[in-house]
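Survey of secondary and tertiary structure
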Amino acid sequence: MERVNIVIDNIPVSANKGQTVIDAARDNDIYIPNLCHHEDLKPAGMCRLCVVEISGRGITTSCTTTVEEGMNVVTDSTGISEIRRTTTELISANHTRTCFTCSKNNHCELQRVTSFVGLDPDVDSMMRHRIEQLPVDDSNPFFTLDMNKCVLCGICVRTCDELQGINAIDYVNRGPHTIISTFNNQPLFDSACKSCGECVARCPVGALTFKEFQNPSREARTICPYCGVGCSIYLGSRGNSVVSVRGDREGPANRGSLCVKGRFGYEFVNDTQRLKVPLIRKNGVLVEAGWDEALDLIAEKFSGYRKERFACFASAKCTNEENYVIQKFTRAVMGTNNIDHCARLCHAPSVSGLAQSFGSGAMTNSIDEISNTRTIFAIGTNTTYAHPVLALQIKKAVRNGGTLIVANPKRIDLCSHAQLFLQHRPGTDVVLMMGMMRVIMDEGLEDPEFIAERTENFDLFIESLREFDLDFVEKTTGVPKEKLQQAARLYAREKPSSILYAMGITQHSHGTDNVLAVSNLALLTGNIGKLSTGVNPLRGQNNVQGACDMGALPNVYPGYQKVDDERVRGKFLHAWGADLSDRPGLTHTEIVGAIDRGEIKALYQMGENPVLSEADSGKIMKALPKLDFFVVQDIFMTKTAEYADVILPAASFAEKEGTFTNTERRVQKVRPAIAPVGESRADWQITCEIARRMGAGGFDYTSPSQIMDEINRLTPVYGGITYERVENGGLQWPCPDTGHPGTGFLHGEKFQTLSGKGRFMPLRYIPSAESPCSDYPLILTTDRSLYHYHTSTMTGRVRGLRMLDPGELLLVNPADADIFGIEDKETVMITTRRGSLDVKIKITDICPPGIVSMTFHFEDTHTNLLTSSALDPGAKIPETKVAAARIDRVRA
Amino acid sequence: MDDKFVELFQDFRAKEEELIPLLQHVQNVEGFISETAMKRIASFLNIPESKVFSVATFYAQFRFAPIGKKHIMLCRGTACHVKNAPKILDEIENQINIKAGETREDLEYSLETVACIGACSLAPCIVINDEVKANLTTKAVKKIFRDDRKKNG
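Rules used in this analysis
- Residues numbered from 1 in each chain as written.
- Chains lettered and ligands numbered in written order.
- Predicted model: local features only at pLDDT ≥ 70, side-chain atom pairs only at ≥ 80, totals over all residues.
- Helix = DSSP H or I, 4+ residues; strand = E, 2+ residues; numbered from the N terminus.
- Buried ≥ 20, exposed ≤ 12 C-beta atoms within 10 Å, placed from the backbone.
- Contact = placed C-beta atoms within 7 Å.
- Rg over C-alpha atoms; globule rule 2.2 N^0.38 Å.
- Domains from an automatic or database assignment.
- Nonpolar A, V, L, I, M, F, W, Y, C, P; charged D, E, K, R; others polar.
- Axes fitted to C-alpha atoms, helices over the stretch in contact; angles between N-to-C directions.
- Parallel < 35°, antiparallel > 145°, perpendicular 65-115°, else oblique.
- Left-handed = near helix turned anticlockwise from the far one by under 90°.
- Pairing = 2+ DSSP bridges.
- Expected span 1.5 Å × (residues − 1).
- pLDDT = per-residue confidence, 0-100.
- Core = buried A, V, L, I, M, F, W, Y, C linked by C-beta atoms within 7 Å.
- Arc of directions from axis to C-beta.

1. Let's talk about the overall build of chain B
Within chain B, the secondary structure is distributed over seven helices and four strands. Ordered by position from the N terminus, the helices and strands of chain B form the series α-α-α-α-β-α-α-β-β-β-α. By principal-axis analysis of the C-alpha atoms, chain B measures approximately 50 × 35 × 25 Å. Expressed as a percentage of the 153 residues in chain B, the buried residues total 25%. At a minimum sequence separation of 6, the contacts of chain B that also span at least 24 residues come to 59%.

This is the structure:
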């Protein structure tokens, strides 16, 4: 960074070129009073408190003046003081003076300014002669807007606009009547506000304050337990309760930003319903038991079900260390590779598809590269709901002049930021992307050099492209040719271009083909292996990347080393000192089938809730009772745990040490904020206890860092990822040794395939397993709510999140509502070939005609009873995105 | 959506700078700016709804509730003030039974006060729809509304 030399109050200091005077002063520990300035926002120059005297320019606002070489700045003088005092008198004249009872007491910028400037009591009382009381907006469950304490600095308005792109609030009225308000003065609760709390976090005074606020007595720097973005947070606690969350500005994935779940969704940790003691089923009833009794019983029972009669569901919510230990237990102690976890239900096609084309199944580039992308192609990702903080990077890219293309069957919120929206039919992603590639080839927009040097199998791919003429593409996808051409040209020409995708691509019976279409598109245009490009699957769970990396998959050891590779097996056999099966195990969905057929008799499950999350979950509900012995480790009682023979209370993320790996392959440190609740224990401790009681060696770890040492030795991509090195900001794999800085983007020099080349894959169109017919004329697709997470075991216990989203709403297009004669908020029965349930509807044009949509968050509307379990042949992921459905009126 | 707004917006090119002309146009045609109108303007111009509301509430010229068939603007400028405008206002409020800033429930009348209508030589004066009533006295006000009542039967 280029530096310039300036003088502030006769002290020579150095500043970054392009920096404002106020920021340069702050960096040199010189306070210039201000209210409307925030380093994340564009300078506003509104409060007039930051005035300084600059030689040759007179008195000017330091927040709007850029430093220049040799600049001479005076921050205080009689003239400046006078201006500041008058301004402060005016700003504070109507301010509510209840500082002692204000939650911003001692953190208030107005207090800081008034104490710095100094107010004259006589002038102050003269100015305060008429104070109008304005109503307080208390409608939001998490924060309060009190205009009586507002200084109209506009930081909230600019945060909502410049950073969040939501624009829920703005200035309303004029002159002395100006307030900050929502559209048509609606209560915040009813407004466009998404409750992220970013404005509250930045409000310099007590106008926007968190409800139920308590200053923590200590804070732990850790990682948010919700989605895969991996936001770094400071988790505050008092006594044995978690009381606050704030964003960590040093966090590489979030830079201080948080979403509504991350900022406010921590109440579940303190919930009274947490499992606190082990439970054992005796005479059909779950009764409290001691740890010894429970662990001895498990050790004894598991000993009788070794090899293929045993299976394990690991957890994408648990740490890397815990997933490592549980897969080691399954393989080394139980002697089977029957281990899988919910990644099967979300990104299995990414892991298998990208392994075929690139040799490595993970997000190729980093989150902070997104904002510099010129063209973003976001397909099958409802990013603002499922990965809200990553979506900020997309919005930033658009503000930086980039183009956003959204491809989605539904008109999702992200569309409002997009220049181009391709509304294709569910299940036609391959056709859509092959159509784009057809345009790229026809118009000569491909990258011939990249194709020649870095790829293989191009000819076979081109051969398969023949099938996709644009008329066919338009007819199949429903996307007009012109739009498709526009999208193809933008993606191919306006580089760097990046593809972001999520469940809309993967949760199909041809999910792997969808992923291969994505990678073909990137290879064809050379948009891979470079900054701000790539193929970027957005991972759903806080540690789903890590759980995969740690080998909580049936076919690979940690680091994607194949179980059927003799050399690899030899290495683990030697390291673990146990006999290991060379037969790949069963996947999540196959395990359920094997339980149903009576082949698997014992199941060990850590932190999952498949009864709600498994597609066509009638099947698992039928299978689970057939188990001889079912052990569940969780923080709460769940629908699945109701089937268990033993339930073990696990410590939550807030109570243990370890690492999570986020969607951009960044391994970050998780640190405890409080002691484990009740008698709960960290999952790794529980698994090790069971292993030891079964007489197994190699489970004597005394801390998670010892587990990481073992991971370092056995997992080449994690070779250099030690606790010491991930202390600040983490490291991105591959990181083979402790001298390696980690890898921001993959495939820069060569691909990880055997040949080192990116592999084009020929594709053909395979329709979804179900299509609309006369009995089931609609397509049911699935989605997420911003306010809930998966089966809502955590978010459902946060009162405010329940208020913001109290329950399932089936989204129905107005045209379909007319056809079925149903009204908004009416309860209807939705039926698929697998079952039916009653659900309230919401009429909205988010869904196009013919398509209805539900989330799967709620127990009482068990969406997965309806979804299809048609499997992708390779990745074995069920088709949760497409099920033929029918709506019937419920007679009163 | 083939509704009245399509027609209302037909002479505009959906440029952000058309916000104020659009608000004026809608008010001219509809008499006021409804919540729906603001939402439709926002989506037509592809700007946030809160921005439309912010701009609309900044200007005194925009109204957010329907006005009466007869909209009365009473001048409270300096000249009118010294020539008894407050008395005139009292009399009008008395005659039509609403306060300044209100619209009568039967939508016959609405009443607002303005700073100056630029007709100081005619003070005190009011404007009913587009017609100026000049040099008013309370007696003259009574007559205006008596005649009105007669006309309406």
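Moving on, there is more to tell.
2. Structural notes on the overall build of chain A
When helices and strands are counted, chain A shows 29 helices and 38 strands. A compact globule built from 892 residues would reach a C-alpha radius of gyration of about 29 Å, and chain A, at 29 Å, matches this within 12%. When its C-alpha atoms are laid out on the principal axes, chain A stretches across 85 × 70 × 70 Å. When the 892 residues of chain A are sorted by exposure, 56% land in the buried category. Pairs at least 24 apart in sequence give 72% of the contacts found in chain A among residues at least 6 apart.

3. Some words on the domain arrangement of chain A
Here chain A is described as being made up of domain 1 (3-100 + 108-121), domain 2 (280-345 + 543-732), domain 3 (348-537) and domain 4 (778-889). A straight line from the C-alpha centre of domain 1 of chain A to that of domain 3 of chain A covers 47 Å.

4. Some thoughts on the domain arrangement of chain B
Annotation of chain B at the domain level lists domain 1 (4-58) and domain 2 (70-152). Placing a centre on the C-alpha atoms of domain 1 of chain B and another on those of domain 2 of chain B gives a separation of 30 Å.

5. Here we look at the interface of chain A and chain B
Contact residues are listed per partner, giving twelve residues for chain A and nine residues for chain B. Among the elements that take part in the side of chain A that touches chain B, strand S8 (residues 169-172) of chain A stands out by supplying four residues, more than any other. Split by residue class, the side of chain A that touches chain B holds six nonpolar, four polar and two charged.

6. Some points on the environment of Leu624(A)
Residue and element names in this part refer to chain A. Residue placement: leucine 624 occurs in the loop between helix H24 (618-623) and strand S27 (629-634). Each C-alpha atom of the pair leucine 624 and valine 563 lies 27 Å from the other, and the pair is 61 residues apart in sequence. Setting aside residues up to four positions removed in sequence, leucine 624 forms contacts with Ile595, Phe630 and Tyr643.

7. Overview of the packing of helix H8 (residues 291-303) of chain A against helix H25 (residues 683-693) of chain A
All names here are of chain A. For the pair H8 and H25, interaxial distance at closest approach is 9 Å and the crossing angle is 60°. In terms of orientation, H8 and H25 fall into the oblique class. Taken as a pair, H8 and H25 cross one another with a handedness that is right-handed. Residue-level contacts link Leu295, Asp296, Ile298, Ala299 and Phe302 of H8 to Glu689, Ile690 and Arg693 of H25. Classifying every residue of the contact of H8 with H25 by side-chain character gives five nonpolar, no polar and three charged.

8. Brief notes about the pairing of S8(A)
All names here are of chain A. Pairing of S8 with strand S9 (residues 179-182), which is carried by four bridges, proceeds in the antiparallel orientation. The residue bridging tyrosine 171 from the neighbouring strand is isoleucine 180, located in S9. Here S8 folds back onto S9, and the loop between the two strands holds six residues, one of which, asparagine 173, carries a positive phi near 70°.

9. Comments concerning the sheet that holds strand S7 (residues 143-146) of chain A
Residue and element names in this part refer to chain A. Spatially, S6-S7-S10 is the arrangement adopted by the three strands of the open sheet, whose pairing is antiparallel. Two strands lie at the open edges of the sheet, namely strand S6 (136-137) and strand S10 (208-210), each paired on one side alone. With two bridges connecting them, S6 and S7 associate as antiparallel partners. Looking at the pairing, aspartate 137 lines up with leucine 145 of S7.

10. Some words on helix H13 (residues 429-442) of chain A
Residues and elements named next belong to chain A. In this model, H13 (14 residues) spans 20 Å end to end at C-alpha, consistent with the 20 Å of a helix rising 1.5 Å per residue. Counting buried residues along H13, twelve of its 14 residues qualify, which places the element largely inside the surrounding structure. Those residues of H13 that sit buried are Asp429, Val430, Val431, Leu432, Met433, Met434, Gly435, Met436, Met437, Arg438, Val439 and Ile440. One or two steps after H13, the chain reaches glycine 444, where phi turns positive at roughly 65°.

11. Concerning the confidence of the model for chain B
When pLDDT is averaged along chain B, the result is 90; 97% of the residues meet or exceed 70. Interface predicted TM-score (ipTM) for the complex: 0.89; the corresponding pTM is 0.92.

12. Observations concerning unusual backbone geometry
Put simply, Lys495(A) and Pro496(A) share a cis peptide bond, and its omega is 0°. By the element assignment, Pro496(A) lies in the loop between helix H17 (481-493) and strand S22 (497-501). Each neighbour pair has its own omega, and for Ala123(B) with Pro124(B) the value is -10°, a cis peptide bond.

13. Let's talk about the nonpolar core
Residues and elements named next belong to chain A. Grouped together as the largest cluster of nonpolar side chains are 236 residues, with contacts concentrated most on Ile405, Met436 and Val518. With nine residues, H13 is the single largest residue contributor to this core. Beyond its immediate stretch of four places on either side in the chain, isoleucine 405 contacts Thr375, Ile376, Phe377, Ala418, Leu420, Leu422, Ala487, Leu490 and Tyr491. Grouped together as the second largest cluster of nonpolar side chains are 25 residues, Leu778, Leu780, Ala817 and Ala885 included.

14. Comments concerning the sheet that holds strand S1 (residues 70-75) of chain B
All names here are of chain B. Judged by pairing direction, the sheet is mixed, and its four strands sit side by side in the order S2-S1-S3-S4 without closing on themselves. Whereas interior strands pair on both sides, the edge strands pair on one side only; in this sheet they are strand S2 (109-114) and strand S4 (131-133). Pairs of neighbouring strands in the sheet enclose a mean axial angle of 25°, with direction left out of account. Strand direction decides the pairing type here: S1 and strand S3 (residues 126-128), joined by three bridges, are antiparallel. The residue of S3 that forms the bridge with leucine 74 is isoleucine 126.

15. So, helix H15 (residues 458-465) of chain A
Residues and elements named next belong to chain A. Taken together, the buried positions of H15 are occupied by Phe458, Phe461 and Leu465. Buried residues of H15 fall within an arc of 65° about the axis and therefore sit on the same side. Facing away from the buried surface of H15 by more than 90 degrees, the exposed residues are Asp459 and Glu463. Where H15 is buried, its residues touch H13, helix H14 (448-454), strand S21 (455-456) and helix H19 (511-524).

16. Observations concerning the packing of H13(A) against helix H16 (residues 470-477) of chain A
Residues and elements named next belong to chain A. Where H13 contacts H16, the axes come no closer than 9 Å and their chain directions differ by 155°. Relative to H16, the element H13 is oriented roughly antiparallel. By crossing handedness, the relation of H13 to H16 is classed as left-handed. Taking contact as the criterion, the partners of Val431, Leu432, Gly435 and Arg438 in H13 are, on H16, Leu470, Val473, Thr476 and Thr477. Residue composition of the contact of H13 with H16, by class: four nonpolar, three polar and one charged.

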